[in-house]
Amino acid sequence: MAEANDLEQVFENKIDAEEKIEPKDWMPEGYRKNLIRQMSQHAHSEVIGMQPEGNWLTRAPTLERKSVLLAKIQDEAGHGLYLYSATETLGITREEIVQALHDGRAKYASIFNYPSLTWADIGAIGWLVDGAAIVNQVALQRTSYGPYARAMVRICKEESFHQRQGYESIAVLARGSAQQKAMAQDALNRWWWPSLMMFGPHDADSAHSAQSMLWKIKRKSNDELRQSFVDQTVSQAEIIDLEIPDPDLKWNEQRQHFDFGEIDWDEFKQVINGNGLCNRERLAQHKKAHANGAWVRDAVAAYVKGKTGESGE
Ligand code: FAQ
């Protein structure tokens, strides 16, 4: 018992001293489980997030736009892979992680359950969805678990390029013909509120936040991050002469932040519980792609076994 207390104390001291917790370090079971939950969901988001963008690959308006979009989508796959690998350092297999997604036990970001209806949506995803993701991920570079923090450093660099290419793409539409501008505005109208939902419930309603903040898994709360995103995005919309679809949005001199309207939390709950516009389609597509890739996993396992005599699974 004394030994367990000592281990706990060493862990707490490291957290207090801003030292990273590494895979071989002792950690409380709750810390490990919470990290597996958040990191695997983050990985799933990166991978499922490829679907709404992939929808426009064959219809990108120019070869250059297509190349950029293809590179971006491949980056997202890479982010998923770093994050799956980082999650595996916590003692769970890739197979178990993917199974949890397929069984509906693991979530992925609500935003990817909305459809990408027009080319302007691709700009909006880069500008708003990657923009929101970066705000969160910059804070996560200082998360207490070493492999997660290190994965975030590279991911943030790439997301930053994604955000800029999305903003540039929607800016071109916004200063184009009246029809193109209307398409850009329509995309902003549809993606704004789901982007704010990406930060999760209000702090007071967030099941995991208090403990995650104590363990320094999360460095900023859901509401703090959401506020930063709103504050930085309002002027970006102004520059390209698009209007944020929120009549309650206004600068608050006293708080030195923008006030903004209330999110439709019923819609949020519906989406995270599997009833959004595209939940079924996204999961079905993932299951299909996973089944189609079984031969690759089998071939790798057979190759590793042939080389080492060990099972490659
Ligand atoms: N969607 O107690 P909290 C990207 C769930 S990457 C779905 O506040 P927590 C790149 C939450 O899991 C975007 N579920 O939870 C890209 C929990 O349910 P559980 C992904 C949500 O973990 C761009 C319950 O509600 N980024 O976009 C959402 O402390 C373009 C209670 O919530 C990350 O995942 C939601 N929005 O805080 C790719 C960042 N919000 O698990 C392609 C890492 C909450 O008990 C194209 N994750 N829930 O069943 C985080 O920072 C946190 O997990 C939060 C939620 C902030 C998302």
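Rules used in this analysis
- Numbers given to residues run from 1 along each chain, matching the order in which its sequence is written.
- Thresholds applied to this predicted model are a pLDDT of at least 70 for local features of residues and 80 or more for the giving and counting of side-chain atom pairs; totals over whole chains, interfaces and linings are not thresholded and use all residues.
- Heavy atoms throughout the structure, all of them, feed into the side-chain values; hydrogens and water do not.
- Only DSSP runs of H or I with at least four residues qualify as helices, and only runs of E with at least two residues qualify as strands; both kinds are numbered from the N terminus onward.
- We compute the radius of gyration over the C-alpha atoms and compare it with the globule rule, which gives 2.2 Å times the number of residues raised to the power 0.38.
- For every residue, the accessible area (1.4 Å probe, protein chains only) is compared with the maximum for its type, and the residue is labelled buried under 20%, exposed over 50%, or partly exposed between those bounds.
- Whether two residues are in contact is decided by their heavy atoms, any of which lying within 4.5 Å being enough.
- With residues, only the protein chains shown are counted as cover, and all accessible areas are computed by Shrake-Rupley using a 1.4 Å probe.
- Charged residues are defined narrowly, with Lys and Arg counted positive, Asp and Glu counted negative, and His plus the chain ends left uncounted.
- Working definition for charges: the position is that of NZ of Lys, CZ of Arg, CG of Asp or CD of Glu.
- What a helix should span is 1.5 Å times the count of its residues minus one.
- Here, the arc refers to the directions that run from the helix axis to the C-beta atoms.

Asker: Explain the overall build of the chain here, please?
Answerer: Along the chain, the regular secondary structure elements total 13 helices and two strands. Whereas a compact globule of 313 residues would reach a radius of gyration of roughly 20 Å, the chain reaches 21 Å, a difference of no more than 12%. On the principal axes, the C-alpha backbone points of the chain span a range of 65 × 55 × 35 Å. Looking at the chain as a whole, 48% of its 313 residues qualify as buried. Across the chain, the fraction of contacts at a sequence separation of at least 24, relative to all contacts at a separation of at least 6, is 76%. Element-wise, carbon and sulfur atoms account for 55% of the exposed surface of the chain, whose accessible area totals about 16,000 Å². Across the chain, 36 positive and 45 negative side-chain charges occur, with their mean positions spaced 5 Å apart.

Asker: In this structure, what is going on with helix α12 (residues 279-292)? I would like to understand it.
Answerer: Since the α-helix turns once every 3.6 residues, residues separated by three or four places project in the same direction. Relative to the 20 Å expected for 14 residues at 1.5 Å per residue, α12 spans 20 Å between its end C-alpha atoms, a close match to the ideal helical length. Taken residue by residue, α12 has N279, R282 and H286 as its buried positions. End-on view of α12: buried residues confined to an arc of 75°, all on one side of the axis. Those residues of α12 that are exposed and angled more than 90 degrees off the buried face are R280, K288, A291 and N292. Summarising the contacts, the buried residues of α12 are in contact with α2 (29-48), α3 (50-54), α5 (94-102) and α11 (265-275).

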